[in-house]
Amino acid sequence: MMLPTHAVVGLALATPLAVIAPEFATAVLTGGLVGGILPDLDLYAGHRRSLHYPTGYTLVAVAVGLVAALYQTQLLAALAFLFVGAAAHCRMDRYGGGLELRPWEGTSEKAVYDHVRGRWRTPKRWIPYDGSPGDIVLLGAVAVPLALVLDSPFRWVPPVALIAGCTYGLLRRRLADLAPAVFERVPDSVSSYVPARYRQ
């Protein structure tokens with residue numbers, strides 16, 4: 001699924017605690033948002049492997065969550081939801097398409113790498129690809145209610161994510177055709193950092 005969807009889901013997971021315990025709102029919402037985004041920072045270096053830990057994030061989220069419940073500090077609350085958001089991100093990638101430039105073709109059996117099992121988990125393709133109509137519907141279903149519930153400074157995140165996601169969705173297939181033409185023209189010093197899937 002696309003990054004805007006991951007971002008708003010991270011926020012959504014933290015929102016109930018932010019409403020119940022407003023003194024922790026900034027910490028948990030920041031943690032959820034950062035956690036929702038964090039795994040995709042590996043986009044150009046081992047995507048869905050370098051920073052994607054579907055089992056690891058879940059185990060750490062449970063451990064930190066228990067410690068946060070005991071000690072109730074802002075930092076622990078933020079860290080707990082950072083790992084919750086990151087774990088959800090990895091799980092969502094499994095429900096989407098494979099790791100390929102054109103996931104609608106269904107040629108990749110790599111969804112997300114499981115470091116504990118030492119193998120790639122296969123995609124379920126419930127949301128066929130990032131930016132698909134189903135991805136946009138999911139984004140909207142989460143972003144619209146969040147925009148009505150959240151206060152500043154987080155209120156702007158859902159509408160911006162929705163606009164970015166819809167724009168990406170409209171351009172998604174064109175970007176897949178454009179990527180090889182763009183990346184074949186990059187200098188040799190940069191080309192080694194371009195993932196192979198962008199040159200297909």
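Cut-offs applied
Residues numbered from 1 in each chain as written. Predicted model: local features only at pLDDT ≥ 70, side-chain atom pairs only at ≥ 80, totals over all residues. Heavy atoms only, no water. Salt bridge = Lys/Arg side-chain N within 4 Å of Asp/Glu carboxyl O. Helix = DSSP H or I, 4+ residues; strand = E, 2+ residues; numbered from the N terminus. Buried < 20%, exposed > 50% of the residue type's maximum accessible area, 1.4 Å probe, protein only. Core = buried A, V, L, I, M, F, W, Y, C linked by side-chain atoms within 4.5 Å. Contact = heavy atoms within 4.5 Å.

1. A closer look at the pattern of salt bridges
Phase 1: Under the defined criterion, the tally for this structure stands at seven salt bridges.
Phase 2: One salt bridge in this structure joins Asp-177 and Arg-102, with 3.8 Å as the shortest N-O distance. Taken together, the residues Asp-177 in helix α6 (residues 157–183) and Arg-102 in the loop between α4 (74–95) and β1 (112–114) connect sequence positions 75 residues apart.
Phase 3: Taking the relative accessible area as the measure of exposure, Asp-177 reaches 55% and is therefore exposed.
Phase 4: Two residues, Asp-151 and Arg-155, come together in a salt bridge whose shortest N-O distance is 3.3 Å.
Phase 5: Three or more residues are tied together by salt bridges with common partners; here these are Asp-114, Arg-117 and Arg-121.

2. Some words on the nonpolar core
Phase 1: Grouped together as the largest cluster of nonpolar side chains are 26 residues, with contacts concentrated most on Val-8, Leu-11, Val-28, Leu-29, Leu-139, Leu-146 and Leu-150.
Phase 2: Within the residue set of this core, elements represented by two or more residues are α1 (3–20), α2 (25–37), α4, α5 (133–149) and α6.
Phase 3: Ranked by residue count, the leading element in this core is α1, at six residues.
Phase 4: For Val-28, the contacting residues outside a window of four places in its chain are Ala-14, Leu-17, Ala-18, Ala-77 and Phe-81.
Phase 5: Listed in part, the eleven residues of the second largest apolar core include Tyr-57, Ala-61, Leu-76 and Leu-82.

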